Amino acid sequence: MPGRPVDTIGGVLASAAVRLRESGIETARLDAELLLGHVLHTTRTRLAIDANDPVDATSIKAFESLLDRRIQGESVAYLIGFREFMRHEFAVGPGVLVPRPETELMVERACETIPRLWPTGTVRVLDLCTGSGAIACSLALSVEADRLFITGSDVSEAALAYARRNRAALGLDDRVELVQGDLLHWTSGPWDLILTNPPYLRPDQIDDNPDLIAEPRLALDGGHLGLELIERILVQATSRVAATFAMMIEIDPDQAAEAAGLAARRFPEATVTIVPDLTRRARFIDIECVETNV
Ligand code: GLN
């Protein structure tokens, strides 16, 4: 008697991708591969090579339960416990924002800004609202150790627990300082470079987006128009930056003009630029001020 057809890696992936796609998940195939790779403790490349290998029943069961949770709106990063950012793995889970690919551009641009504004010496960098520590740690790994003094801060203890774990896993315990504190209240500076991906969404943008349901509201909700925290950061930063300084703030494309206006009002001497992300949407406000010797 013919038995049940053997489930192969390729077959399991194909039907999972269909199921995810039918549930409206755009990254269906990628998600299926990440989840099955997690269950089988293997890489996506290996899954492709071993596509004809059978999958045992226990693994299929575990995979199915992850698929169900994904369909309910949990992020893949939470289900597998990490997200790649700047080619490094960052541990994440409920309680901390999942690093987004568009934020990588801020780290890349910081790497260009540092030698341009500060060709020598140690640059004091603050990653404000560090979350998992993705910006602080990946910048530390991109620039020579003696050039930077990096601090990451966050109001959330839960987020900082992930940041500490990531810092240790990346071997950065003696290179990245982590501080618990509300925005900039805990520091008098002066900071040369402030990088921040603060909460900047409008409450209705969060409520209307099922993908955000599992993420901490504290990391997303920017208050009225999504701009309240950005404004508080700008106000607090005015007395905490060095004479030559740069600041990069991630924003929502909808609020670019308002955010740039707020920045220009708080820093009338500085150059304020709206910077697009790789999909050409306005994604960052850059504030730059170079001290002129009189
Ligand atoms: N970029 C995130 C999103 O649109 C929001 C992150 C944030 O508020 N800092 O989902």
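Residues numbered from 1 in each chain as written. Predicted model: local features only at pLDDT ≥ 70, side-chain atom pairs only at ≥ 80, totals over all residues. Heavy atoms only, no water.

## Quick notes on the overall build of the protein
Along the backbone of the protein there are 11 helices and 9 strands. Taken along its principal axes, the extent of the C-alpha atoms in the protein is 90 × 40 × 35 Å. Within the protein, buried positions represent 50% of all 294 residues. The contacts in the protein between residues at least 6 apart in sequence include a share of 70% that link residues at least 24 apart. Total accessible area on the protein stands at roughly 14400 Å², and carbon and sulfur atoms take up 52% of it. (Helix = DSSP H or I, 4+ residues; strand = E, 2+ residues; numbered from the N terminus. Buried < 20%, exposed > 50% of the residue type's maximum accessible area, 1.4 Å probe, protein only. Contact = heavy atoms within 4.5 Å. Areas by Shrake-Rupley, 256 points an atom, 1.4 Å probe, with all protein chains shown as cover.)

## Comments concerning the site of the ligand
Surrounding the ligand, one finds Arg 100, Asn 197, Pro 198, Pro 199, Tyr 200, Leu 201, Leu 212, Ala 219, Leu 220 and Glu 250. Within the contact set of the ligand, a nitrogen atom lies 2.6 Å away from a backbone nitrogen or oxygen of Pro 198. The contact in question runs from a nitrogen atom of the ligand to an N or O atom on the side chain of Tyr 200, over 2.8 Å. Coverage of the ligand by the protein chains reaches 90% of its 300 Å² of free accessible surface. Within the shell around the ligand, the residues separate by chemical class into 7 nonpolar, 1 polar and 2 charged. (Near = heavy atom within 4 Å. Polar contact = N/O pair within 3.5 Å; in protein donor to acceptor, adjacent residues only side chain to side chain. Nonpolar A, V, L, I, M, F, W, Y, C, P; charged D, E, K, R; others polar.)

## Things to note about the packing of aromatic side chains
Taken as a whole and judged by the stated rule, the model has 3 aromatic pairs. Here the aromatic rings of Trp 186 and Trp 191 are separated by 6.3 Å at their centres, their planes lie at 65°, and the arrangement is edge-to-face. Classification of Trp 191 as buried rests on a relative accessible area of 6%. Ring centres 5.1 Å apart and planes at 50° place the aromatic pair Phe 245 and Phe 267 in the tilted group. Highlighted residues: Phe 245 in strand β7 (residues 241–250) and Phe 267 in the loop between α11 (256–266) and β8 (271–276), separated in sequence by 22 residues. The exposure class assigned to Phe 245 is buried, which follows from its relative accessible area of 3%. (Phe/Tyr/Trp six-rings, centres within 6.5 Å; stacked < 30°, edge-to-face > 60°.)

## What about the packing of helix α6 (residues 104–117) against helix α7 (residues 134–142)?
Remark: α6 packs on α7, axes separated minimally by 10 Å, with the N-to-C direction vectors making an angle of 45°. On the basis of their axis angle, the class for α6 and α7 is oblique. Between α6 and α7 the crossing geometry is right-handed. Here Met 106, Val 107, Ala 110, Cys 111 and Ile 114 of α6 lie close against α7, whose contacting residues are Ile 135, Ser 138, Leu 139 and Ser 142. Split by residue class, the contact of α6 with α7 holds 7 nonpolar, 2 polar and no charged. (Axes fitted to C-alpha atoms, helices over the stretch in contact; angles between N-to-C directions. Parallel < 35°, antiparallel > 145°, perpendicular 65-115°, else oblique. Left-handed = near helix turned anticlockwise from the far one by under 90°.)

## Comments concerning the environment of Thr 238
Tracing the sequence through the fold places Thr 238 in the loop between α10 (228–237) and β7. For the pair Thr 238 and Thr 292, spaced 54 residues apart in sequence, the C-alpha to C-alpha distance is 18 Å. The contacts of Thr 238, once residues within four sequence positions are left out, are Arg 266 and Phe 267.

## As for the sheet that holds strand β5 (residues 176–180)
The 7 strands are arranged β5-β4-β3-β6-β7-β9-β8 in an open sheet whose pairing can be described as mixed. Either end of the sheet is taken by a strand with one partner, and the two such strands are β5 and β8. Neighbouring strand axes in the sheet, compared pairwise and without regard to direction, differ in orientation by 15° on average. Both strand β4 (residues 148–154) and β5 contribute to a ladder of 5 bridges, which runs parallel. For Gly 152, the partnering residue across the bridge sits in β5 and is Leu 178. (Pairing = 2+ DSSP bridges.)

## Here's the deal with helix α2 (residues 28–39)
Count 3.6 residues to each turn of an α-helix, and residues three or four apart come out pointing the same way. Look at α2: 17 Å from first C-alpha to last across 12 residues, which is about the 16 Å you get at 1.5 Å a residue. Those residues of α2 not exposed but buried are Ala 28, Asp 31, Ala 32, Glu 33, Leu 35, Leu 36, Gly 37 and Val 39. Buried positions along α2 lie against α1 (9–22), α3 (44–49), α4 (57–71) and α5 (76–80). Where α2 terminates, the next one or two residues include His 41, which has phi positive at roughly 55°. (Expected span 1.5 Å × (residues − 1).)

## Observations regarding the side chain of Thr 113
Following the sequence through the fold, Thr 113 ends up in helix α6. Residue Thr 113 is classed as buried on the basis of its relative accessible area, which comes to 5%. When residues no more than four places from it in sequence are discounted, the contact partners of Thr 113 are Trp 118, Ala 246, Met 248 and Glu 288.

## Comments concerning α4
Over its 15 residues, α4 extends 21 Å from the first C-alpha to the last, a length consistent with the 21 Å expected when each residue adds 1.5 Å. Along α4, the residues that are buried comprise Ser 59, Ile 60, Phe 63, Leu 66, Leu 67 and Arg 70. One side of α4 holds all its buried residues, which, seen down the axis, span an arc of 125°. With respect to the buried face of α4, the exposed residues turned more than 90 degrees away are Ala 57, Thr 58 and Lys 61. Among the structural elements, α1, α2 and α5 are those in contact with the buried residues of α4. One side-chain oxygen at the N-terminal end of α4 lies 3.2 Å from the backbone nitrogen of Thr 58; it belongs to Asp 56. Of the residues trailing α4, Gly 73 is marked for its positive phi of about 115°. (Arc of directions from axis to C-beta.)

All quantities given are derived from atomic positions and should not be read as evidence of function.
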